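Structure assessment
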Amino acid sequence: MKVAIFNSKAYDREYLNRANDALKAKKHELCFYEVPLSINTTPLAKSCGAVCCFVNDQVDAQVIAALANEGVQLIALRCAGFNQVDITAAREHKLTVARVADYSPHAVAEHTLGLILMLNRNLHRAHNRIRENDYSLDGLLGFDLVNKTIGIIGTGKIGLVFANIMLGLACKIIAHDINPNAELVAKGVHYTNLETLYPSCDIISLHCPLTTETTHLINTKSIEQMKDGVMLINTGRGALIDTPAVIGALKSKKIGYLGLDVYEEESALFFENKSNQVLQDDIFARLLTFPNVVITGHQAFFTREALTAISTTTISNITHFESGEMDKMCLV
């Protein structure tokens, strides 16, 4: 099958080609494009049976209609989330949507811990000081994680791994999920509502999907319920957080630490080198002024193991679709 792969980087080409080359049967024709999928780039999918998209590609109703017009039958997402896809429109145009539901929950969970440690022990600031020949410790004071209460919102595969990591550090875990995880319950994790979770936790970490219900889950009202000086971590989806509300809470010191791997308007920023450009996003620019904020550019997933799993599953989805083996695909 001929596949148009949008938003592709060098690592996408390397790992997808490797997975494609591993096929014993006929290999797919992979066409890599650095540009994101949008209404303006859909003609690149002409004569392709499938398109392969990432988290920040635009796959709305207009794009889906244009893809169907070009003869595309499959949208193969190389990510777990599918909030960027208009699923209703895809069904109306008889386009199949597949995703990578499970690539490496350890990658994201471990990155979450990295953000916590960096914020708590001011590793980012200490690193910069040493490079400037400044060995003072003022302003770098942290706290022991042992016995701290961690609130985890969303205990799917990533949330489960993160909970196990924090349990290993002798933290107390409070969780919220519409489907409590039996493994965590057996380990003594207490599930509760958000109204109870917010004021009880020293650290709150978001691992839930982005839905209508969870959009701006963290807002002025929810922040007001949290402990003063709370640490807030988001490695889920950017729109889980109302960024202006969080900025206000950082200024008032209600939020004492903020770690982000995602940002609501990241599609205009992340995954590209913009070092020679003027930053146009005033809200993001404001975030960068806080010494107690650490931001990474949606790299939590970025490990060798995760890229291997993502590429293998993506190629597998395409292969099974072409063979009519829909039951073997990871469908949305």
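As a starting point, this report considers the structure included with it. (Residues numbered from 1 in each chain as written. Predicted model: local features only at pLDDT ≥ 70, side-chain atom pairs only at ≥ 80, totals over all residues. Heavy atoms only, no water.)

1. Let's talk about the overall build of the protein
- Check the secondary structure of the protein and you find 12 helices and 12 strands.
- Compactness check: the protein gives a C-alpha radius of gyration of 21 Å against a globular reference of 20 Å for 332 residues, within 12% of the reference.
- Across its three principal directions, the C-alpha atoms of the protein cover 60 × 50 × 35 Å.
- Just so you have it, the protein exposes about 16,000 Å², and 52% of that area is on carbon and sulfur atoms.
- If you average the places of the 30 positive and of the 35 negative side-chain charges in the protein, the two averages end up 3 Å apart. (Helix = DSSP H or I, 4+ residues; strand = E, 2+ residues; numbered from the N terminus. Rg over C-alpha atoms; globule rule 2.2 N^0.38 Å. Areas by Shrake-Rupley, 256 points an atom, 1.4 Å probe, with all protein chains shown as cover. Lys, Arg positive; Asp, Glu negative; His and termini not counted. Charge placed at Lys NZ, Arg CZ, Asp CG, Glu CD.)

2. So, the side chain of D242
- Of note, D242 is situated in the loop between β10 (230-234) and α10 (243-252).
- In this structure, D242 is buried with no salt-bridge partner, the nearest side chain bearing the opposite charge being K221 at 13 Å.
- Residue contacts for D242: discarding those within four places in its chain leaves H216, I218 and N219. (Buried < 20%, exposed > 50% of the residue type's maximum accessible area, 1.4 Å probe, protein only. Salt bridge = Lys/Arg side-chain N within 4 Å of Asp/Glu carboxyl O. Contact = heavy atoms within 4.5 Å.)

3. Thoughts on the sheet that holds strand β9 (residues 203-206)
- The 7 strands lie next to each other as β8-β7-β6-β9-β10-β11-β12, forming an open sheet whose pairing is parallel. Every interior strand has two partners, whereas the edge strands, β8 (190-191) and β12 (293-295), have only one.
- Where strand β11 (residues 255-260) lies against β12, 3 bridges are found, and the strand directions are parallel. Bridged to L258 within β12 is V293.
- Of the strands in this sheet, β6 (149-153), β7 (172-176) and β9 touch helix α6 (residues 157-168), which is tilted by about 175° from β6. (Pairing = 2+ DSSP bridges. Axes fitted to C-alpha atoms, helices over the stretch in contact; angles between N-to-C directions.)

4. What about the pattern of salt bridges?
- Tallied over the entire structure, the rule returns 8 salt bridges.
- Ionic pairing is found between R78 and D12, a salt bridge with its closest N-O pair at 3.5 Å. Taken together, the residues R78 in the loop between β4 (74-77) and α3 (87-92) and D12 in helix α1 (residues 10-21) connect sequence positions 66 residues apart.
- Taking relative accessible area as the criterion, R78 reaches 2% and is therefore assigned buried.

5. Comments concerning the layout of surface pockets
- In this model, the largest pocket occupies a volume close to 1,100 Å³.
- Lining the largest pocket are 44 residues, and of these I158, H207, C208, P209 and L210 sit closest to its centre.
- The class makeup of the residues in the lining of the largest pocket is 22 nonpolar, 14 polar and 8 charged.
- Contributing to the lining of the second largest pocket are 15 residues, with V55, N56, N83, E264 and E266 lying nearest its centre. (1 Å grid on protein atoms, 1.4 Å probe; cavity = no way out; pocket = protein on both sides within 12 Å on 5 of 7 lines; lining within 4 Å. Points joined across faces, edges and corners; volume = space filled by probe spheres on them. Nonpolar A, V, L, I, M, F, W, Y, C, P; charged D, E, K, R; others polar.)

6. Examining the nonpolar core
- Ranked by internal contacts, the top residues of the largest apolar core, which has 34 residues, are I153, Y198, I204, I218, V246, I255 and L258.
- Those elements that provide at least two residues to this core are α8 (194-200), β9, β10, α10, β11 and α11 (282-287).
- Here the element with the most residues in this core is α10; it accounts for 5 residues.
- Aside from chain neighbours lying at most four places away, what touches I153 is H176, L194, L197, Y198, I204, S205, L206, H207, C208 and L217.
- One finds F6, I87, L95 and V97 within the second-largest nonpolar core, a separate group that totals 28 residues. (Core = buried A, V, L, I, M, F, W, Y, C linked by side-chain atoms within 4.5 Å.)

7. Regarding the side chain of S205
- Inspection of the secondary structure puts S205 in strand β9.
- Side-chain polar atoms of S205 contact the side chain of H207, separated by 2.7 Å.
- When sequence neighbours within four positions are dropped, the list of residues in contact with S205 reads T112, G151, I152, I153, F162 and I233. (Polar contact = N/O pair within 3.5 Å; in protein donor to acceptor, adjacent residues only side chain to side chain.)

8. What about the sheet that holds strand β3 (residues 50-53)?
- With respect to topology, 5 strands assemble into an open sheet ordered β2-β1-β3-β4-β5, the strand pairing being parallel. Taken across any chain shown, the strands that pair with only one partner, and hence form the sheet edges, are β2 (29-32) and β5 (96-98). The sheet shows a mean angle of 20° between the axes of neighbouring strands, direction not considered.
- With 4 bridges joining them, strand β1 (residues 2-5) and β2 adopt parallel strand pairing. When the bridges of β2 are listed, I5 appears paired with F32.
- Packed on one face of the sheet, α1 meets β1 and β2 and runs near 175° to β2.
- Strand contacts of helix α12 (residues 304-322): β1, β2, β3, β4 and β5, with the helix running at about 160° to β4, the strand carrying the most contacts.

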